[in-house]
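Chains, contacts and geometry: an overview
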Amino acid sequence: MKTITQLKKNVLIITLQCDYLDASITSDLKTELIQSIEESGVIQVVCNLEHIEFVDSSGLGLMIALLRHLASKNGDLKLACMSSKVYTIFKMVRMHTLFEIYSSVSDAMHTCA
Amino acid sequence: MQPGRFCNYIHKERKPSCFSTMYSSSLRNLSEVRCFLSRHLTEANCEWAFIEQVQLMVNEAFSNIVRHSYRGYENQPVGLEIQISDRGVTCILSHTGIEFVPGKKVFAVQEKPSEGGYGLFLIHELADMVNYECNEDGWNTVTMFKSFTAGGTL
């Protein structure tokens, strides 16, 4: 169990329980997350990254995959509680421009249509 | 080839600290690779921000070896050696798989973002020098040097 999901006001909140997103887990995690999104029936998702201390390229790819999956349904993925070190990696590959990133889950929730 | 073979001629100007270990070619070993690096670099009084950059750099190279050089086959050898000098840290990954040349610098996110392709970009962003060598004994080595004072964009 690497995630906790909550459905609030038509927004799916996904909290990643692991402290790293690397190539050893991203394949299974992608399947798990897309399944959770499909089962929820919603297209607005907030991903809570508060526990994540390390992200590698496959973790970045996972976020892109989720974003594209939701965008194909006219939905959106917003990221919350990203640590400064993870944000630095996003910035390095210029992915910080692709995502809406919020300091808290509630802030991200407020922007969801 | 043993991962420790380079210890005697790199950074001759000072006695280097050198540590080496061997892993099997499984992505499940990524955590242990990062722990190995943090343990020895912490003991060498490296700053934590520097250690994180080295961890990411080596993590990406190790992943590429497992996924591309060994095509996902497990139980193949991957050597890791780190050499710590007063100039910086040299990380050498060695393997017997298919040649993997990390010489092409790809770009980060474009207008249409891809799910993959960031690994090589990160390696080149984080390392001050990347070198690939195919040895006669069948071992390939990826050598990455990171200076304490230059390079790296984290």
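Before going into details, it helps to say that this report is about the structure given with it. (Residues numbered from 1 in each chain as written. Chains lettered and ligands numbered in written order. Predicted model: local features only at pLDDT ≥ 70, side-chain atom pairs only at ≥ 80, totals over all residues. Heavy atoms only, no water.)

Here we take up the overall build of chain A. Across its full length, chain A holds four helices and seven strands. Along chain A, from the amino end to the carboxyl end, the secondary structure elements read β-β-β-α-β-β-α-β-α-β-α. Over its C-alpha trace chain A gives a radius of gyration of 13 Å, about what one expects of a compact globule, namely 13 Å for 113 residues. C-alpha extents for chain A along the principal axes are approximately 30 × 25 × 25 Å. Counting over 113 residues, chain A shows a buried share of 53%. The long-range fraction of contacts in chain A, counting pairs at least 24 apart against all pairs at least 6 apart in sequence, stands at 71%. For chain A, the exposed area adds up to about 5000 Å²; of that, 46% sits on carbon and sulfur atoms. In chain A, 10 side chains carry a positive charge and 12 a negative one; their mean positions are 7 Å apart. (Helix = DSSP H or I, 4+ residues; strand = E, 2+ residues; numbered from the N terminus. Rg over C-alpha atoms; globule rule 2.2 N^0.38 Å. Buried < 20%, exposed > 50% of the residue type's maximum accessible area, 1.4 Å probe, protein only. Contact = heavy atoms within 4.5 Å. Areas by Shrake-Rupley, 256 points an atom, 1.4 Å probe, with all protein chains shown as cover. Lys, Arg positive; Asp, Glu negative; His and termini not counted. Charge placed at Lys NZ, Arg CZ, Asp CG, Glu CD.)

Before going further, it helps to examine the layout of surface pockets. One number sums up the size of the largest pocket: a volume of about 390 Å³. Secondary structure elements with two or more residues in the lining of the largest pocket: helix H3 (84–92) of chain A together with helix H1 (30–43) and helix H2 (48–69) of chain B. No other element matches the six residues that H2(B) contributes to the lining of the largest pocket. Along the lines of polarity and charge, the residues of the lining of the largest pocket split into eight nonpolar, five polar and five charged. Forming the walls of the second largest pocket are 18 residues, and the residues nearest its centre are A:Ser58, B:Arg67, B:Glu115, B:Gly116 and B:Gly117. Sort the elements by how many residues they give to the lining of the second largest pocket and helix H2 (residues 57–71) of chain A lands first, with five residues. Residue classes in the lining of the second largest pocket are distributed as five nonpolar, ten polar and three charged. (1 Å grid on protein atoms, 1.4 Å probe; cavity = no way out; pocket = protein on both sides within 12 Å on 5 of 7 lines; lining within 4 Å. Points joined across faces, edges and corners; volume = space filled by probe spheres on them. Nonpolar A, V, L, I, M, F, W, Y, C, P; charged D, E, K, R; others polar.)

This paragraph deals with the packing of H1(B) against H2(B). All names here are of chain B. Taken N-terminus to C-terminus, the directions of H1 and H2 make an angle of 145°; their axes are 9 Å apart at the nearest point. For H1 against H2, the interelement crossing comes out right-handed. Listed contacts from H2 to Leu30, Val33, Arg34, Leu37, Ser38, Leu41 and Thr42 of H1 are Trp48, Ile51, Val54, Gln55, Val58, Asn59, Phe62 and Ser63. For the contact of H1 with H2, a count of residues per class yields nine nonpolar, five polar and one charged. (Axes fitted to C-alpha atoms, helices over the stretch in contact; angles between N-to-C directions. Left-handed = near helix turned anticlockwise from the far one by under 90°.)

Quick look at the side chain of B:Ser69 now. All names here are of chain B. Position of serine 69 relative to the elements: it lies in helix H2. Judged by relative accessible area, serine 69 falls into the buried class, the value being 3%. If we skip the residues at most four places from it in the chain, serine 69 touches Asn64, His95, Gly97, Ile98, Glu99 and Phe100.

A separate point is the state of the cysteines. Defined simply, a disulfide is a covalent bond joining two cysteines at their sulfur atoms. Residues and elements named next belong to chain A. Scanning the model with the defined rule gives zero disulfides over all chains in all. Lacking any disulfide linkage, cysteine 112 is separated from the closest cysteine sulfur, that of cysteine 47, by 12 Å. Classification of cysteine 112 by relative accessible area gives buried; the value is 14%. (Disulfide = S-S within 2.5 Å.)

The next subject is the interface of chain B and chain A. With 26 residues of chain B at the interface, the matching set in chain A holds 23 residues. The residue A:Lys85 makes a salt bridge to B:Glu52 at a minimum N-O spacing of 2.7 Å. Counting every contact that joins chain B to chain A gives five residue pairs in polar contact (both at pLDDT 80 or more). Residue assignment for the side of chain B that touches chain A shows that the elements contributing at least two residues are H1, H2 and helix H3 (118–126) of chain B. In terms of residue count, H2(B) provides more of the side of chain B that touches chain A than any other element does, eight residues in total. (Salt bridge = Lys/Arg side-chain N within 4 Å of Asp/Glu carboxyl O. Polar contact = N/O pair within 3.5 Å; in protein donor to acceptor, adjacent residues only side chain to side chain.)

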